[in-house]
Amino acid sequence: MHVDAAFRGRIEEWDIRHYLDEVAVPVMCLQGDHDQYGTRAQVDVVAQRARGPVSIRMIPDCRHSPHLEAPETVRAEIKAFLAGLPGGVALPNTGDSDA
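In this report, the structure presented in the accompanying data block is examined. Since this is a predicted model, take the numbers as computed values, not measurements.

So, how was this worked out
Just so you know, the residues in each chain are numbered from 1, in the order the chain's sequence is written. For a predicted model such as this one, the threshold for reporting local features is a pLDDT of at least 70, and the threshold for listing and counting side-chain atom pairs is 80 or more; totals across whole chains, interfaces and linings nevertheless cover every residue. Where side-chain values are given, they derive from all heavy atoms of the structure, hydrogens and water being excluded. Put simply, a patch holds well-exposed residues, over 30% relative accessible area, that have no salt bridge, with like charges counted together within 9 Å and Val, Leu, Ile, Met, Phe, Trp or Tyr side chains within 5 Å. All accessibility values rest on the Shrake-Rupley procedure with a 1.4 Å probe; residue burial counts only the protein chains present in the view. One speaks of a salt bridge when a side-chain nitrogen belonging to Lys or Arg is within 4 Å of a carboxyl oxygen belonging to Asp or Glu. Elements are defined by DSSP. Helices are runs of H or I of four residues or more, strands are runs of E of two residues or more, and each kind is numbered from the N terminus. Buried residues are those whose accessible area, probed at 1.4 Å on protein chains only, stays under 20% of the maximum for their type, while exposed residues exceed 50% and partly exposed ones sit between those limits. At least two bridges found by DSSP between two strands is the condition for calling them paired. For the handedness criterion, the strands are oriented away from the viewer, and a crossover whose path from the first strand over the helix to the second runs clockwise is classed as right-handed. Definition used in this section: a nonpolar core is a set of buried Ala, Val, Leu, Ile, Met, Phe, Trp, Tyr and Cys residues joined via side-chain atoms within 4.5 Å. When checking whether two residues touch, look at their non-hydrogen atoms; a contact exists if any pair is within 4.5 Å.

## Section: a nonpolar patch on the surface
The grouping of Trp14, Ile16 and Tyr19 at the surface amounts to a nonpolar patch, some 370 Å² of accessible area in total. The residue tyrosine 19 is located in helix H2 (residues 17-20) in this model. By relative accessible area, which is 55% here, tyrosine 19 ends up exposed.

This is the structure:
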């Protein structure tokens with residue numbers, strides 16, 4: 001199903017801001033800088049409302065699916081985020097050259 005069809009008539013009602021006030025853990029927001037469905041302002045609301053630390057990474061030259069469009073960049077950003085958490089969480093070794 002196409003995303004536009006899935007949310008037609010309902011996207012205007014979708015609002016999670018009130019849930020963000022309860023988030024007290026580290027959050028990483030990854031978004032393509034050319035996301036056709038989301039804006040930087042939406043990501044900034046996460047940083048403003050969440051009680052835990054928020055890391056924002058806008059992935060250059062990506063639209064709505066940076067994990068598909070720039071997988072190496074996304075993986076590097078996730079690794080850096082996890083390494084910065086208390087206890088230095090790491091991704092499992094998957095045989096990638098940067099692991």
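Moving on, there is more to tell.
## Brief notes about the pairing of strand S2 (residues 54-59)
Relative to S2, strand S1 (residues 27-32) runs parallel, the two being bridged by six bridges. What sits directly across from glycine 32, in S2, is isoleucine 59. Each parallel crossover has a hand, and for S1 linked through helix H3 (residues 40-49) to S2 it is right-handed.

## Details of the nonpolar core
Among the nonpolar cores identified, the biggest contains six residues, and these are Leu20, Val27, Cys29, Val43, Val46 and Ile56. Taken together, the elements giving at least two residues each to this core come down to S1 and H3. Those residues in contact with leucine 20 that sit more than four places away from it in its chain are Val45, Val46, Arg49, Ala50 and Arg51.

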